[in-house]
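In case you want the letters, here they are:
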Amino acid sequence: MKAKELKIPRIKDGTVIDHITAGNAIKVLHILGISNSSSFVVSVAMNVKSKMGRKDIVKVENRELHSSEVDKIALVAPKATINIIRDYEVAKKHRVKLGDEVIGLVKCSNPTCISNSNEPVKSRFKIIGQDPLRIKCYYCEREPEDISERII
Amino acid sequence: MKFKGKDVISIKDFSKKEINYILNYAKEMIPYAKGEKYAGILKGKVISSLFFEPSTRTRLSFESAMNRLGGRVIGFADPSETSQKKGESLSDTIRMANAYSDAIVIRHPQEGAARLAAEFADIPVLNAGDGAGHHPTQCLLDLFTILTEKKKIGKNKIVLLGDLKYGRTVHSLAYALSLYGAELTFVSPSILKMPKEVVEECKELSAEPIQTSSLEKAIKDADVLYVTRIQKERFPDAEEYNRVVGSYKIDNELLTNAKKDLIIMHPLPRVTEIDPEVDSTPHAIYFKQAFNGVPVRMALLSLVMGEKI
């Protein structure tokens, strides 16, 4: 890609999250715990044209994402790709992927679900739909309506 | 068909074939449940009966079922007498019951409690109601009642009435009746309608439930009227409860429009939704339904502990 076509500049080291569902970049930042108080440089591009329609892109400088963070991103951006950048080159590239279950990542929306009490268990959801993503609590069987609001 | 060691958490954990097997086996249990015959197949076995919420029928019928089969019951009906009051977790309580008995019967106010208990127990866990969640043994005894009274479950016109939003029995029952192809009508005040997910599940099983607030119309050609109490304890605020309590009342005048062989069921306790004058009519099946909890729970205890008559 020519430099003049880039909406946001290349980064030397860090992570580029590409193919985020258009409009969900802010949710991705929330999941990553990136806020005003974060010290590293973050660039966001929203509603960028691509071959597959509109998308969002997030570039995080000097931070390589761990797999647990990647799983969380899949909850709001199931088609996102993660590019680990080292010295301007893509060192690793993979697509976010959720398994059959989401464990310990989302809080159940039901206040009286046993998983929200003081028991030694992690929250556990079964994935019942991929597009749009739908999950169901293993314990109380409730489906949270806004998954991104429930991420732990 | 393997039942030994199986947990009974939700009716959805069972196939139609398995449900039929349990119901047929429960029929065999009737003379034992009445004390006319005795078979001490569970002699030497112990169940833990852990009731974290009040109960009359479920607890007593489980205890009766175990005693009728020669087994013993330990447990509590009031959690304030246990270490839960000192802050002990449910999972630790389950670990103890697991060490002391051969099966656990649990009622708990929180949804998912029985599923969690099953994770911490090696022995079978039978869900006796988890908050607004599941009550599979009630569902089985309801199916058993319809089967014994009507000689079939499917092809009946069945009206579910009352609190369809918070009522755990009607959620499981709507699913199970759809599995059998019953014709369903849901009658409730608009704020207590059957949850969307339950209606969707029924539709996935090819049922086409009708939803209405008019009982008079629905009762005309019904074969079964399943009445539920509007449960004060499940309402988030008293004002909402006061708006809908007393919405429906079954009395003899209403029943003049019903079929002669209509049966009226209720998981009990009832408050004002069925007038006591109905009790003496042939429509009233609810006390017989409550008895049916014993043979059905006998069948389940016998099967999950692997000791058959």
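As the structure is a computational prediction, the values presented were derived from the model and not from experiment.

Participant: Looking at this model, I keep getting lost on the overall build of chain A. Mind explaining?
Facilitator: Per the secondary structure count, chain A includes two helices and eight strands. From first element to last, N terminus to C terminus, chain A shows the α and β order β-α-β-β-α-β-β-β-β-β. The principal-axis extents of the C-alpha atoms in chain A amount to approximately 55 × 30 × 25 Å. Within chain A, the fraction of its 152 residues that count as buried is 31%. Sequence-distant contacts in chain A: of pairs separated by 6 or more residues, those separated by 24 or more amount to 62%.

Participant: Just to check I follow, could you spell out the nonpolar core for this structure?
Facilitator: Residue and element names in this part refer to chain B. Counting residues in hydrophobic clusters, the biggest one holds 127 residues, and the most contacted among them are Ile 104, Ala 117, Leu 160, Ile 264 and Leu 301. Broken down by element, the residue count for this core peaks at eight residues, all from helix H12 (residues 293-304). The residues contacting Ile 264, other than those within four sequence positions of it, are Leu 225, Val 227, Ile 250, Ile 274, Val 278, His 283, Ala 284, Ile 285 and Tyr 286.

Participant: Teacher, can you tell me more about the interface of chain A and chain B here?
Facilitator: Reports often express the size of an interface as the amount of accessible area lost when the parts come together. Contacts between chain A and chain B engage 15 residues on the former and twelve residues on the latter. Tallied by class, residues from the side of chain A that touches chain B come to eight nonpolar, five polar and two charged.

Participant: Honestly, the domain arrangement of chain A in this entry has me stumped. Any pointers?
Facilitator: Domain assignment breaks chain A into domain 1 (11-95) and domain 2 (101-150). Placing a centre on the C-alpha atoms of domain 1 of chain A and another on those of domain 2 of chain A gives a separation of 24 Å.

Participant: Looking at this model, I keep getting lost on unusual backbone geometry. Mind explaining?
Facilitator: As a rule of thumb, non-glycine residues mostly have phi less than zero, and peptide bonds are mostly trans rather than cis. Residue B:Pro269 follows B:Leu268 across a cis peptide bond; omega there is 5°. Position of B:Pro269 among the secondary structure elements: in the loop between strand E9 (263-265) and helix H11 (286-291). With a phi angle near 60°, A:His19 is a residue other than glycine that sits in the positive phi range. As for its position among the elements, A:His19 is in strand E1 (residues 14-21). Phi at B:Leu268 is positive, roughly 60°, even though this residue is not glycine. Tracing the chain through its elements places B:Leu268 in the loop between E9 and H11.

Participant: How do you make sense of the pairing of strand E7 (residues 124-130) of chain A when you look at a structure like this?
Facilitator: The side chains of a regular strand alternate between both faces of the sheet. Residue and element names in this part refer to chain A. Sheet analysis places strand E6 (residues 101-103) next to E7, joined by three bridges and oriented antiparallel. Note that in E7 the partner of Ile 103 across the bridge is Arg 124. The pairing of E7 with strand E8 (residues 133-137) spans five bridges and is antiparallel. Opposite Gly 129, over in E8, you have Arg 134 as the bridge partner.

Participant: Would you mind showing me how to read the sheet that holds E7(A) here?
Facilitator: The strands making up a sheet associate through backbone hydrogen bonding, with each pair oriented either parallel or antiparallel. All names here are of chain A. With antiparallel pairing, the three strands of this open sheet are ordered in space as E6-E7-E8. The open sheet has two edge strands with one neighbour each: E6 and E8. Pairwise comparison of adjacent strand axes, ignoring direction, gives a mean angle of 35° for this sheet.

Participant: Would you take a moment to explain the confidence of the model for chain A for this structure?
Facilitator: Interpretation of the predicted coordinates at a detailed level should be avoided for regions scoring low in pLDDT. The predicted model of chain A has a mean per-residue pLDDT of 87, with 95% of residues at 70 or higher. Mean pLDDT across the elements of chain A ranges from a minimum in helix H2 (residues 67-74) of chain A, with 77, to a maximum in strand E4 (residues 81-86) of chain A, with 94.

Participant: It is not clear to me how the domain arrangement of chain B should be interpreted in this structure. Could you clarify?
Facilitator: Residue and element names in this part refer to chain B. By domain assignment, chain B separates into domain 1 (11-134 + 293-304) and domain 2 (136-290). Each of domain 1 and domain 2 has a C-alpha centre, and these two points are 25 Å apart. In this assembly, 20 residues from domain 1 lie in contact with 18 residues from domain 2. Put simply, the parts of the chain that give the side of domain 1 that touches domain 2 at least two residues each are helix H1 (16-33), strand E4 (125-130) and H12. Here the side of domain 1 that touches domain 2 is composed, by residue class, of ten nonpolar, six polar and four charged.

Participant: Got a minute to help me understand the sheet that holds strand E8 (residues 224-227) of chain B in this structure?
Facilitator: All names here are of chain B. Ordered in space as E7-E6-E5-E8-E9, the five strands form an open sheet in which the pairing is parallel. The open sheet has two edge strands with one neighbour each: strand E7 (210-212) and E9. The sheet shows a mean angle of 20° between the axes of neighbouring strands, taken without regard to direction.

Participant: Looking at this structure, I do not really get the packing of helix H2 (residues 57-68) of chain B against H12(B). What am I missing?
Facilitator: Relative placement of two packed helices is described by the angle separating their axes and the distance separating the axes. Residues and elements named next belong to chain B. Contact pair H2 / H12: the axes reach a minimum separation of 8 Å and the direction vectors enclose 60°. Between H2 and H12, the angle falls in the class oblique. Seen along the crossing, H2 lies across H12 with a hand that is right-handed. Residues Arg 57, Thr 58, Ser 61, Phe 62, Ser 64, Ala 65, Met 66 and Arg 68 of H2 pack against Gly 293, Val 294, Arg 297, Met 298 and Leu 301 of H12.

Participant: Sorry if this is basic, but what is going on with the confidence of the model for chain B here?
Facilitator: For chain B, the average pLDDT comes to 95, and 100% of its residues sit at 70 or higher. Interface confidence in the predicted complex, given as ipTM, is 0.89; pTM for the same model is 0.87.

What counts, and where the lines are drawn
- Note that residues are indexed from 1 along each chain, following the sequence as it is written.
- Whichever chain is written first becomes A and whichever ligand is written first becomes 1, with later ones labelled in order.
- Two thresholds apply to this predicted model, a pLDDT of at least 70 for residue-level local features and 80 or more for giving and counting side-chain atom pairs, whereas whole-chain, interface and lining totals are computed over all residues.
- Only runs of H or I of at least four residues qualify as helices and only runs of E of at least two qualify as strands under DSSP, and these elements are numbered from the N terminus.
- Labels follow a simple rule on C-beta atoms placed from the backbone: if 20 or more others lie within 10 Å of a residue's own, it is buried; if 12 or fewer, it is exposed; otherwise it is partly exposed.
- Contact criterion: two residues are in contact if their C-beta atoms, reconstructed from the backbone, are within 7 Å.
- By our criterion, buried Ala, Val, Leu, Ile, Met, Phe, Trp, Tyr and Cys residues that link up through C-beta atoms within 7 Å make up a nonpolar core.
- Amino acid classes used here: Ala, Val, Leu, Ile, Met, Phe, Trp, Tyr, Cys and Pro are nonpolar; Asp, Glu, Lys and Arg are charged; the rest, including Gly, are polar.
- Those domain boundaries reflect an automatic or database domain assignment.
- Paired strands, as defined in this entry, are two strands with at least two bridges between them according to DSSP.
- Whenever a helix is involved, its axis is fitted only over the stretch in contact; in every case the axis is a line through C-alpha atoms, and angles between N-to-C directions fall within 0 to 180 degrees.
- Per-residue confidence from the predictor is given as pLDDT, running between 0 and 100.
- Note on angle classes: values under 35 degrees are labelled roughly parallel, values over 145 roughly antiparallel, values of 65 to 115 roughly perpendicular, and the remainder oblique.
- By definition, any crossing whose near helix is turned counterclockwise from its far helix by less than a right angle is left-handed, and any crossing with a clockwise turn is right-handed.

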